Amino acid sequence: MGSESVKVVVRCRPLNDRETALGSKMVLTMDLQRCQCFIKKPMSADEPPKQFTFDGTYFTDQTTEQMYNESAYPLVEGVTEGYNGTIFAYGQTGSGKSFTMQGVTEPPTQRGVIPRAFEHIFESIQCAENTKFLVRASYLEIYNEEIRDLLGSDTKQRLELKEHPERGVYARDLSMHTVHNVAECETMMERGWRNRAVAYTLMNKDSSRSHSIFSIHLEMCRTGQGIRM
Ligand SMILES: Nc1ncnc2c1ncn2[C@@H]1O[C@H](COP(=O)(O)OP(=O)(O)OP(=O)(O)O)[C@@H](O)[C@H]1O
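Residues numbered from 1 in each chain as written. Predicted model: local features only at pLDDT ≥ 70, side-chain atom pairs only at ≥ 80, totals over all residues. Heavy atoms only, no water.

The protein carries the name Kinesin motor domain-containing protein in an unreviewed UniProt entry, which gives Hippocampus comes as its organism. As stated in UniProt under Sequence similarities (unreviewed entry), the record for the protein gives "Belongs to the TRAFAC class myosin-kinesin ATPase superfamily. Kinesin family." (UniProt positions renumbered as here; feature names shortened; annotations may be inferred.)

Q: What is the right way to look at the confidence of the model for the protein in this model?
A: Segments scoring low in pLDDT should not have their predicted coordinates read at a detailed level. Summing up the model confidence of the protein, the mean pLDDT is 90 and the portion of residues at 70 or higher is 90%. For the protein, per-element mean pLDDT is lowest for strand β12 (residues 211-222), which scores 91, and highest for strand β1 (residues 9-11), which scores 98. (pLDDT = per-residue confidence, 0-100. Helix = DSSP H or I, 4+ residues; strand = E, 2+ residues; numbered from the N terminus.)

Q: I keep staring at helix α2 (residues 64-80) and nothing clicks. Help me out?
A: One turn of an α-helix holds 3.6 residues; hence residues three or four places apart share an orientation. In this model, α2 (17 residues) spans only 21 Å end to end at C-alpha, well below the 24 Å of a helix rising 1.5 Å per residue. Where α2 bends most, the angle comes to about 55 degrees, and this point is A72, followed within four residues by the proline P74. Of the positions making up α2, those classed as buried are T64, M67, Y68, S71, A72, V76, G78, V79 and T80. Here the buried face of α2 lies against β1, β5 (56-58), α3 (97-101), α4 (113-127) and β12. G82 occupies a position one or two residues after α2 and carries a positive phi of about 105 degrees. (Expected span 1.5 Å × (residues − 1). Bend = angle between axes of the 7 residues up to and from the residue. Buried < 20%, exposed > 50% of the residue type's maximum accessible area, 1.4 Å probe, protein only. Contact = heavy atoms within 4.5 Å.)

Q: What's the story with the packing of aromatic side chains in this structure? I'm lost.
A: The way to describe two aromatic rings as a pair is by their centre distance and the angle between their planes. What the rule picks out here adds up to three aromatic pairs. Judged by centre distance (6.5 Å) and plane angle (25 degrees), the rings of F88 and Y90 are stacked. The two residues F88 and Y90 agree in class, both being exposed. Here the aromatic cluster, defined as three or more aromatic residues joined through ring pairs, consists of F118, Y139 and F214. (Phe/Tyr/Trp six-rings, centres within 6.5 Å; stacked < 30°, edge-to-face > 60°.)

Q: For this particular structure, what's the right way to read the pairing of strand β10 (residues 168-171)?
A: Looking down a regular strand, the side chains alternate between one sheet face and the other. Where strand β9 (residues 161-164) and β10 come together, four bridges link them in antiparallel fashion. Bridge pairing in β10 links E163 to V169. Adjacent in sequence and paired antiparallel, β9 and β10 are bridged by three residues. (Pairing = 2+ DSSP bridges.)

Q: Whenever I open this one, the domain arrangement of the protein confuses me. Can you help?
A: Reports of interface size often rely on the accessible area that becomes lost once the parts have come together. Looking at the protein, the domain boundaries give domain 1 (1-62) and domain 2 (75-222). Inter-centroid distance (C-alpha atoms) of domain 1 to domain 2 is 27 Å. In this complex, domain 1 contributes five residues to the contact, which on the side of domain 2 involves seven residues. A per-residue breakdown of the area domain 1 buries against domain 2 is headed by R11, R13 and R18, which together make up 87% of the total. The tally of links from domain 1 across to domain 2 stands at zero salt bridges. Along the contact surface separating domain 1 from domain 2 lie three residue pairs in polar contact (both at pLDDT 80 or more). (Domains from an automatic or database assignment. Buried area = accessible area lost by both parts, 1.4 Å probe. Salt bridge = Lys/Arg side-chain N within 4 Å of Asp/Glu carboxyl O. Polar contact = N/O pair within 3.5 Å; in protein donor to acceptor, adjacent residues only side chain to side chain.)

Below, the structure written as structure tokens:
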């Protein structure tokens, strides 16, 4: 990865059972070396495919593990060094955002970006010398333009969006939870996940129907030197 502050990678999922039953054809091919995607319009042999270039390309047989190691690892590593980082999954319903971010437990190569980030952060904490850490997690949902705290005591309560001159935009009264290990982080993620607004769509039977933001706040303090990041 180079030094640009925003990277865009694309992931293509396999056709699902519904699409296969409908006789849908894959219209996308990728050149993984060049990070290029080609979209071919069906039944128009003469028309050249449309071509798009990204910072990373992941086709149907590539795993979240590969994607994390190449594209997310450097960003999370930056967080352990004191920088801010965001991984934002964007795509239409059923395209695989939850599969990539939350992931599945089996096979282990498809564990999600969020649990991998937990592991990454706690491994860095274990390796660090003369440093104390405070790790806190928050999880909010934006649904119908309303913000709700997925880990709050009242998950139905609407939170207000505020702006602080130094901290920037934030959700007032969003609860922050201290976590000590990967298992506690996973419990938070699963607890919040269960509180999300979920509904069936024609494209995805487990559609989340909302945007959600899981944040990990990391504070570091050099013991003896008192430097805080
Ligand atoms: N790379 C992949 N390999 C195999 N299956 C996948 C992959 N990506 C997604 N899927 C499957 O496709 C279906 C839809 O994925 P997912 O629920 O992650 O979509 P989404 O983008 O989060 O949808 P929504 O916005 O509606 O919540 C799920 O059954 C998921 O297991």
